[in-house]
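Observations on chain architecture
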Amino acid sequence: MRSSKSRGRFLALCVAPAAILYFVFMILPTLNVFRMSLFERGAYSPTETFVGTANFKALMGDVKFITAMQNTILLIVTVTIITFFFAIVFAAILTREKIKGQNFFRIVFYIPNILSVVVIAGIFSAIYKPENGMLNSILSLLRGETVMILWKDQPMVIVSVIIAMVWQAIGYYMVMYMASMSAVPESLYESAGLDGAGRLTQFFQLTLPLIWTNIRTTLTFFIISTINMAFLFVKAMVAKGMADVGLSFMYAQKDAGLYGYSMAAGVVIFLFSFLLSALVNLVTKREVLEM
Amino acid sequence: MKKFLSLLLTLALVLSLAACGGGNDAGTTPPPADSGSSGDTQAPPTAAEDVTITVAALASGYEEAYPGMWQEVCDAFTAETGVKVNLICDKNLEDVIGPSMQGGDFPDVIHLATGREKGLTEQFIKDRNIAELTDVLSMTIPGESAKVSDKIVGGFTDTSVTNPYGDGVTYLAPMFYSPCGLFYNAGLFEEKGWTVPATWDEMWELAEKAKAEDSYLFTYPTTGYFDAFLYALMYSVGGADFFNKATTYAEGIWDTPEAQQCFDIIAKLASYTNPVTPAQANDQDFTQNQQLVLDNKALFMPNGTWIVGEMAEAPRAEGFKWGMTALPAAKAGGNGASYCWLEQAWIPAAAPNLDAAKQFVAFLYSDAACAIFAKGGAVQPVPGLTDNLEGDNKMFYSIYDNGADAAMGNFAAYNAVAGLGTVREVFLDPVNGLVNGSISKDQWISDVKAASDQMRANIMG
């Protein structure tokens, strides 16, 4: 009895630093965001006025905010679908098929993930350059005439952002799926092969169901991180006002001296990402298969 | 014993956390690297020798041209007055001083102009968070016998750039100024035998000539560069009266013929702009737009004198020579106009060492400080400074001697309203849309009118 009590105390002591730090640096600031969204103040001013839900009401009527959220949703949906499709396909190919230089491909795909967004923006500004840019030059070569697509201008600008984001994200998720795919026992594939299942059937009937838990978890991660990554890419790559997303709207309001209003936008985005992850979790719920 | 030990450990943990949490207020823990030793400023100001002021200055092109410029000025100030200076000099000054200011820790003097994307100075103006400088103007410059107001060229402390509330009180000290105008390749004009247009009609004629040469009339680095352009345009079209009314959002001002002419000129210019411009009008690629002028793919771009240093390493067409002209006159026989871009230095109202900060601002106009700033190519509105300029700068700063009107001032400050947007978002950013066709001229004008009405309703002063 006595030993379990002191054991509990020891455990509490071990957990306390992390818990306290988490509370001070995560929970408190988050609560503060909610509080500040009910006030109007400048970022650096000492005074603030309570305005109730006025910030949220203004937000619902703000065309710029609605456009920004539309862009955010568009990016989340398209980038998620494309990234997951390619990540799973590449992972399946690299683990199941015998390809020369597997490790080489694994590293090549992973590299974009360790680059900072600023570097990626630099790379893509060379790719998207209207005159003599890589993409336009390749297209010109294929078409046999000069192609002049303005990648970072309307209406292509959102496509450019999607391409860059997919390019950056594929490698990381591919490596994750490769890890879980290589955990699927070889014997399962062998017996499936004996039963006459082709490669595609094996992929859909074996691989996919067995790594489903992994896909579910990464999907939630990915959606939350895309909200943030979309902001970083748009900020680093394109002109302000071309393809604003939720978080760039939030920062713009702060720079315009509307700190409370930008916090209200932050609250809406926070709740949005929370609900979206819950929804995704609910929709992707399947019976867990044991290997 | 064990119990005692665990109690002791818990206590130590709680104490260390408490120290972390309350540290910033009490000034016991050293603040994060960039905010420097602001803890020292808490010491009671017994003698000048014990005071340390914190100066935050933007490391702009001038600092790049002469690294250590600001440090040298601070050292000279310390040598003169004994007040120690802790300098924060950074390209992204807002990101460096912003977080600690949100925590209530303000520098004593900030050199950061209005019109930057992060709008930090504008936020201080909107919050009425800047200390008055009236007594600085009548102060004697440390180490000299002259008063500050004697060393500032007349007119520089009379505009909305330094007196944001229109009440004649100076809050921001006028520091480096630079004429803005249209930059072009003078070598190309000589080669083709073209003359620099004096009116907009001549400008449109030139546009057709440029088309024949497979070039375009116009480009711009980003839409932000249109602020100086718009100010100069309003001044050249409607003169000082129209300029003042427009920048204070006077009722019906955008329906006047002068305003219509401004809109027409910008819309027409958009149609003559090199079409790749908006795709590169972002912080990542704007130098590519500037490169268009160096490569003769566009004739003119709005810019400032720093462009020469900024593009010094860039490849260029054969025979390239920088040229700068004021905006053409609105009608034949009229005067062109050039906007005078002015950087400001100011003191936050919550600065811990107000007196020493004011001394520092006064010192910025001393002969010693002016000489140091001049090494970086920075010119203050102090009489006689432009006489010593050399090279391209001599030509740039002589623009007003050649008959162009000087436009000074900016859009009046207004209380921020949710959904209204900044001056740049309302007036300037849509130019990208005009060039790529995603917004019509009428739509832009009606947006400007609607926003202008709201700005007038919330104007400060």
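Residues numbered from 1 in each chain as written. Chains lettered and ligands numbered in written order. Predicted model: local features only at pLDDT ≥ 70, side-chain atom pairs only at ≥ 80, totals over all residues.

Some words on the overall build of chain B
Helices and strands together make up the secondary structure of chain B, namely 19 helices and ten strands. Residues classed as buried in chain B amount to 48% of the 461 residues present. For chain B, contacts bridging at least 24 residues in sequence account for 75% of all contacts bridging at least 6. (Helix = DSSP H or I, 4+ residues; strand = E, 2+ residues; numbered from the N terminus. Buried ≥ 20, exposed ≤ 12 C-beta atoms within 10 Å, placed from the backbone. Contact = placed C-beta atoms within 7 Å.)

Section: the sheet that holds strand β6 (residues 216–218) of chain B
Residue and element names in this part refer to chain B. Ordered in space as β6-β7-β5-β8, the four strands form an open sheet in which the pairing is mixed. Because the sheet does not close on itself, it has two edges, and the strands there are β6 and β8 (322–325). The average undirected angle you get between the axes of adjacent strands in this sheet is 25°. Bridging between strand β5 (residues 181–185) and strand β7 (residues 298–303) involves three bridges; their strand directions are antiparallel. Each residue of the ladder has a partner; that of Leu182, found in β7, is Pro302. (Pairing = 2+ DSSP bridges. Axes fitted to C-alpha atoms, helices over the stretch in contact; angles between N-to-C directions.)

What about the domain arrangement of chain B?
Residue and element names in this part refer to chain B. Domains assigned within chain B are domain 1 (34–178 + 342–392) and domain 2 (180–340 + 396–457). Averaged C-alpha coordinates put domain 1 and domain 2 at centres separated by 30 Å. At the junction of the two partners, domain 1 supplies 21 residues and domain 2 supplies 22 residues. Within the residue set of the side of domain 1 that touches domain 2, elements represented by two or more residues are α2 (61–65), α5 (120–126) and β4 (173–179). Here the side of domain 1 that touches domain 2 gets three residues from one element, more than from any other, and that element is α5. Here the residues of the side of domain 1 that touches domain 2 are counted per class, giving eight nonpolar, nine polar and four charged. (Domains from an automatic or database assignment. Nonpolar A, V, L, I, M, F, W, Y, C, P; charged D, E, K, R; others polar.)

Details of the packing of helix α5 (residues 117–128) of chain A against helix α10 (residues 212–237) of chain A
Residue and element names in this part refer to chain A. At a minimum axis separation of 9 Å, α5 and α10 run at an interaxial angle of 50°. Considering their axes alone, α5 and α10 lie oblique with respect to each other. Every pair of crossing elements has a handedness; the one defined by α5 and α10 is right-handed. For the pair α5 and α10, the contacting residues are Val117, Val118, Ala121 and Phe124 in the first and Leu232, Phe233, Ala236 and Met237 in the second. Partitioning the contact of α5 with α10 into residue classes produces eight nonpolar, no polar and no charged. (Parallel < 35°, antiparallel > 145°, perpendicular 65-115°, else oblique. Left-handed = near helix turned anticlockwise from the far one by under 90°.)

Overview of the nonpolar core
In this structure, Val161 and Met165 of chain A together with Ala232, Met234, Phe360 and Val361 of chain B are the most contacted members of the largest nonpolar core, which totals 197 residues. When residues are assigned to domains, this core turns out to be shared by domain 1 (34–178 + 342–392) and domain 2 (180–340 + 396–457) of chain B, each giving three or more. Contact partners of Met234 of chain B, with chain neighbours within four places excluded, come to Phe242, Phe243, Ala246 and Cys262 of chain B. (Core = buried A, V, L, I, M, F, W, Y, C linked by C-beta atoms within 7 Å.)

Some details on the pairing of β8 of chain B
Residues and elements named next belong to chain B. On β8, burial covers both faces: Trp322 and Met324 on one face and Gly323 and Thr325 on the other are all buried. Relative to β8, β5 runs antiparallel, the two being bridged by four bridges. What sits directly across from Tyr184, in β8, is Gly323.

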